[in-house]
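# Residue-level structural notes
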Amino acid sequence: GEPTCRSQRLMLQAGLIHPSSPGCYHYLPPTVRAMEKLVRVVDEEMRAVGGQKLNMPSLSSAELWRASGRWDQMGPELFRLVDRHGKDYCLGPTHEEAVTELVAAQSNLSYRQLPLRLYQVTRKFRDEPKPRFGLMRSREFYMKDMYTFDTSEEAARQTYDLVCHAYHSLFNRLGLPIVKVRAATGSIGGTMSHEFQLPADVGEDRLVLCPDGHFAANVETLNEEQTSCPTCGEKLTQTRGIEVGHTFYLGTKYSSISNAVFSSPENKPQLAEMGCYGLGITRILAASIEVLSTEDSIRWPSLIAPYQLCFIPPKKGSKEEEEGAMLLERVYDNLAEAMPHLASDSVLDDRTQLTIGKRLKDANKLGYPYVVIAGKRVCEDPPVFEVWDQKAGEVLFLTKEGVIELLSKVKVP
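Scope of this entry: the structure provided in the associated data block. (Residues numbered from 1 in each chain as written. Predicted model: local features only at pLDDT ≥ 70, side-chain atom pairs only at ≥ 80, totals over all residues. Heavy atoms only, no water.)

## As for the environment of R173
Its place among the elements puts R173 in helix 6 (residues 153–174). Under the relative-accessibility criterion, R173 is labelled partly exposed at 35%. The spacing of R173 and A184 is 11 residues in sequence and 27 Å in space, taken between C-alpha atoms. In contact with R173, not counting residues within four places along its chain, are V41, E44, E45 and L303. (Helix = DSSP H or I, 4+ residues; strand = E, 2+ residues; numbered from the N terminus. Buried < 20%, exposed > 50% of the residue type's maximum accessible area, 1.4 Å probe, protein only. Contact = heavy atoms within 4.5 Å.)

## Here we look at helix 9 (residues 321–338)
Here helix 9 contains 18 residues, and its C-alpha end-to-end distance of 26 Å stays within 8% of the 26 Å for a straight helix at 1.5 Å per residue. When helix 9 is considered as a whole, its buried residues turn out to be G324, L327, L328, V331 and L335. Around the axis of helix 9, the buried residues are gathered within 100° of arc, so they sit on the same side. Exposed and oriented more than 90 degrees from the buried face of helix 9 are E322, E329 and E337. Its buried side turned inward, helix 9 meets strand 17 (309–312), helix 10 (340–343), strand 18 (346–348), strand 19 (370–373), strand 20 (385–389) and helix 12 (400–407). (Expected span 1.5 Å × (residues − 1). Arc of directions from axis to C-beta.)

## Some words on unusual backbone geometry
At the junction of L114 and P115, the peptide bond is cis and its omega measures out at 5° in the coordinates. As for its position among the elements, P115 is in the loop between helix 5 (96–104) and strand 7 (116–125). With an omega dihedral of -5°, the bond running from D381 to P382 counts as a cis peptide bond. Position of P382 relative to the elements: it lies in the loop between strand 19 and strand 20. Phi is positive for N259, close to 60°, though the residue is something other than glycine. Structurally, the position occupied by N259 is in the loop between helix 7 (255–258) and strand 14 (261–263). By relative accessible area, which is 47% here, N259 ends up partly exposed. Positive phi, close to 65°, is recorded for N267, a residue that is not glycine. Mapping N267 onto the fold places it in the loop between strand 14 and strand 15 (269–271).

Laid out in structure tokens, this is it:
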């Protein structure tokens, strides 16, 4: 079908994704680069809160899901399959059952070994009735899911605050204006839950916010008559949002089913208190393009742009051709020496049969944070390059030294 939102249209036009079947996409090389960068930033934030990375199977036994009651509760959203021995499995949309079973299997777990903060970044599967908005609501997607095990409710709530803080830090670094809102616990369960929402017109969630920032909630958690802030009494405003993260305090809902216990200081078996924390990796990519881009040009959070830099040499047959190409190469060599990390984050648009204007238009469309052009002024003394700084929305005319100095501020995860 036709693209239903800006990010889907731009990503298809730019060749970042290619549809394979409803709600499933090929992620093309630039998208994979952006995703790997995003995962590196997520890894940094998760390590900072004591996260340890693991990887669990996508194929999950129905027995686990039946024990938690979710085999029936999840209904048709669960992709189900039967192996050749007649055993039932599902493709994991989430991994609470699996991780709790894993921790329960560690037989001599002591309170000294907690908290445990285990996470993975992996493909998830959800049989969406109506996949839409490209990577924002698909049937196969990437997610970061963390599961925590603590010795007490108090400790589990401290972990909850810690991970929420890490999420704020992540979105801050990406330059995304998220709002943390109170949310329903849904099929995951637990007693407390928050969503991290990116306000956007195409968002599927309806949010209410206090204009002074005292209160924010998903409409589904409120009763109809609540129209003013419970803290300051101001009238609540409505907006729409894209959910990019979700946190849950689970208590002992899953640990009691699998008997995930640790031995207390008194050497008594005690159930671990759990939390789970999701981040939509592919959804963050699409949602950030949705809110940051213009109608015809992609804008990435600069930290995770597939490439930081595009070099455009002069047009073939122009009087600047030879000198411009040589000088541009020298800029690249100096850059590679001064900032090796940027050398592998650069693209040379060598389609010199095309005009500079046409190549610049393509570079804008793909959203390179910086474009360095060897244009007419490259033959001046000293040579001057045209530099497009997309984030600042300005065009600069700089010498080679000026270009290097400007790019020295660029961060690559």
